[in-house]
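What follows is each chain in one-letter form.
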Amino acid sequence: MLDCKITQGTVYDGLGGPPTVADVGVKDGKIAAVGSLGDVPAREILPAEGLCVCPGFIDVHSHTDDWYFLNPWAVSKLLQGVTTEIIGNCGDSAAPLAAFKSVRTADGSEFRWRTTGEFMAAVQSHGLGINAASLIGHGNLRSIAVGEESGRADRNHLQAMKRLLRRSLADGALGLSTGLVYPPGCFADTVELTALGVTLLPAGGIYTSHIRDEGDRLTESVREVIELCRATGVTGVVSHHKAAGRKNWGKTATTLRLLAAARADGLRIFCDVYPYTALNTGLGTLLPLWSHSGGRAAMLERLDASQTLPEIRREVEEKAAGDYANIIITKLKAPEHRELQGRSLAEIAARLGLSPSEAVIALLRTNAGEVDMIWHALAEEDLQAVLAAPFAMIGSDAGARVSYGPLAAELPHPRSYGTFPRVIARYVRELGLLSLAEAIRKMTSLPAQVFGLANRGRLTSGCAADITIFDFAAICDTATYANPFQQPAGVLHVLVNGVPAVWDGKLQYRAAGRFLRRRHWR
Ligand SMILES: [Zn+2]
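Remember, it's a predicted structure, so these values are computed and weren't measured experimentally.

## Some thoughts on the domain arrangement of the protein chain
Now for step 1: Once the domains are mapped, the protein chain shows domain 1 (55-278 + 377-507) and domain 2 (281-375).
Now for step 2: Facing 17 residues of domain 1, the contacting portion of domain 2 comprises 15 residues.
Now for step 3: Interface area for domain 1 against domain 2, summed over the two sides, is near 1300 Å², with a carbon-plus-sulfur share of 60%.
Now for step 4: Taken as a group, Ala377, Glu410 and Leu411 account for 32% of the area that domain 1 buries against domain 2, more than any other trio of residues on that side.
Now for step 5: At the surface where domain 1 touches domain 2, the tally comes to zero salt bridges.
Now for step 6: The interface formed by domain 1 and domain 2 includes seven residue pairs in polar contact (both at pLDDT 80 or more).
Now for step 7: Partitioning the side of domain 1 that touches domain 2 into residue classes produces eleven nonpolar, three polar and three charged.

## Here's the deal with the nonpolar core
Now for step 1: Counting residues in each nonpolar core, the largest one holds 108 residues, and the members touching the most others are Ile86, Phe119, Tyr207, Phe451 and Phe470.
Now for step 2: In terms of nonpolar packing, the next biggest core, distinct from the first, is built from 29 residues, Tyr276, Val360, Ile361 and Met373 among them.

## Observations regarding the sheet that holds strand β17 (residues 327-331)
Now for step 1: Taken in spatial order, the three strands make up an open sheet running β16-β18-β17, and their pairing is antiparallel. If you trace the sheet from one side to the other, it starts and ends with β16 (279-282) and β17, each paired once. Within this sheet the neighbouring strands show an average axis-to-axis angle of 30°, counted without direction.
Now for step 2: Relative to strand β18 (residues 372-375), β16 runs antiparallel, the two being bridged by four bridges. Paired with Leu279 across the bridge in β18 is Trp375.

## What about the side chain of Ser445?
Now for step 1: Here Ser445 lies in helix α15 (residues 445-451).
Now for step 2: Ser445 gets classed as buried once you look at its relative accessible area, which sits at 4%.
Now for step 3: Excluding residues that lie within four positions of it along the chain, Ser445 makes contacts with Gly14, Leu15, Gly457 and Arg458.

## Details of the coordination of the zinc ion
Now for step 1: Listed as protein donors to the zinc ion are Cys90 (SG), His210 (ND1) and His240 (NE2); their distances from the metal cover 2.1 to 2.2 Å.
Now for step 2: Linear spacing of the donor residues for the zinc ion on their chain is C-x119-H-x29-H. In this pair, Cys90 is assigned in the loop between β7 (82-87) and β8 (101-104) and His240 in the loop between β14 (235-238) and α7 (252-264), connecting sequence segments 150 residues apart.
Now for step 3: Owing to a relative accessible area of 7%, Cys90 belongs among the buried residues under this scheme.

## A few points about the pattern of salt bridges
Now for step 1: Inspection of every chain in the model, using the stated rule, returns 30 salt bridges.
Now for step 2: Measuring nitrogen to oxygen at the nearest pair gives 3.6 Å for the salt bridge that ties Glu110 to Arg104.
Now for step 3: Judged by its relative accessible area of 59%, Arg104 falls in the exposed class.
Now for step 4: Here Asp189 and Arg152 are joined by a salt bridge, their closest N and O atoms 3.1 Å apart. Here Asp189 is found in the loop between β12 (175-179) and α5 (190-203), whereas its partner Arg152 is found in the loop between α3 (138-145) and α4 (155-171), with 37 residues between them in sequence.
Now for step 5: Classification of Asp189 as partly exposed rests on a relative accessible area of 23%.

Each value, and the rule that gives it
Residues numbered from 1 in each chain as written. Predicted model: local features only at pLDDT ≥ 70, side-chain atom pairs only at ≥ 80, totals over all residues. Heavy atoms only, no water. Domains from an automatic or database assignment. Contact = heavy atoms within 4.5 Å. Buried area = accessible area lost by both parts, 1.4 Å probe. Salt bridge = Lys/Arg side-chain N within 4 Å of Asp/Glu carboxyl O. Polar contact = N/O pair within 3.5 Å; in protein donor to acceptor, adjacent residues only side chain to side chain. Nonpolar A, V, L, I, M, F, W, Y, C, P; charged D, E, K, R; others polar. Core = buried A, V, L, I, M, F, W, Y, C linked by side-chain atoms within 4.5 Å. Buried < 20%, exposed > 50% of the residue type's maximum accessible area, 1.4 Å probe, protein only. Pairing = 2+ DSSP bridges. Helix = DSSP H or I, 4+ residues; strand = E, 2+ residues; numbered from the N terminus. Axes fitted to C-alpha atoms, helices over the stretch in contact; angles between N-to-C directions. Donors = N, O, S within 2.8 Å, 3.2 Å for Na, K, Ca; no water.

The structure is reproduced here in structure tokens:
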């Protein structure tokens, strides 16, 4: 007796080959059989004639982190057909921490953690609607071992970081992520990163990197990842690969060639990408790196100091390169600035009667440094070149959102709701850049292989029953920059570990997700 039988769907196994019309049987959270299951009895029968049945999507680049306590169903991800998120990206993870962090949830329960293992246990005991797995932020390690100051890590610092990394890997983390434009990760040199890479290898950990520079020094920054992989033997991933800024458009031709050549040399190196031409990050990334030394309070002080401010403004102007009309401010906390959210820096500067670089400083100052932007800084040609690369996976670069509560207070990037349907609608169905089987492979078996998610990402018997069922003719992202909280169309049913998470396009609020620990797969 099967728990569920999905009948006569067009089945993509996730490995990239052509689909077959088949039944899929689910039992005890696993795929029991794929084939002709006509006589096999099942508790529930789901007719899927004319629909695509494939492994649940794996979002390799998520920032949901401790938002699971605000959004345990990972609403914007489940609605897209994502069944596993990899969190802890860009050098920043929910754990480990220097001191205990505690959150109180809506029902009054309290959750505390400091180590990676404690965080995983807290998320699981709160209830999880999606599978999650975590990288360890290099920024966390540096912050605990070295502090927020710039400067090289000494021997003792390095030993402490390695110890923390080993402990987190033993707790079940997938590997290390770096965020080399964000403090304090940006203060690390290649020697420090390579030393940590050496620690990853015996534990089978992976190295992912938000590289040092995605614009003027893009090529050198990609080279740094390649050289780290060459020196250490670890598997590497260039996060959200892109060429930012008009004068750097076209550079992905070079970087993709470098990555392909490294792979031809035998290195295990990959990248991920989101299907949009706007990036989304903190406004503070426009400031010089040195201005972040010592942490946020020190940075805010420098914005007020007459010795440092002119140099900071010069760098803001250089980095923004006059593109203020294309930089949209999406998160402001100060009440007097709330109505500026959603407007461009050019517009905000005019309203405040300031120059654009003065407006950047004013916004950061008034909002205690917590300002986010969406910057329309990428070219469609680069995006398509990266998407088409056979070693590119799909990552939203977004945390899971929900349209109420604290996560709805900002104007998020539409990628939080739209990434996976958009790849299929726009780049498979409309533009024919990828075949559907290849797009699904990039969303399922490829990430499962790269990140070591055994028994996930494939639709074959014995694998976990993470299954997404969608209508190829109808699937479409509907979230926009102006209206980002929009459920995509055409994603009909989503099973997480065999349990309906989305049924007939409706969220089921079932806590069927698991925090995937690396030791469980080996
Ligand atoms: Zn990043």
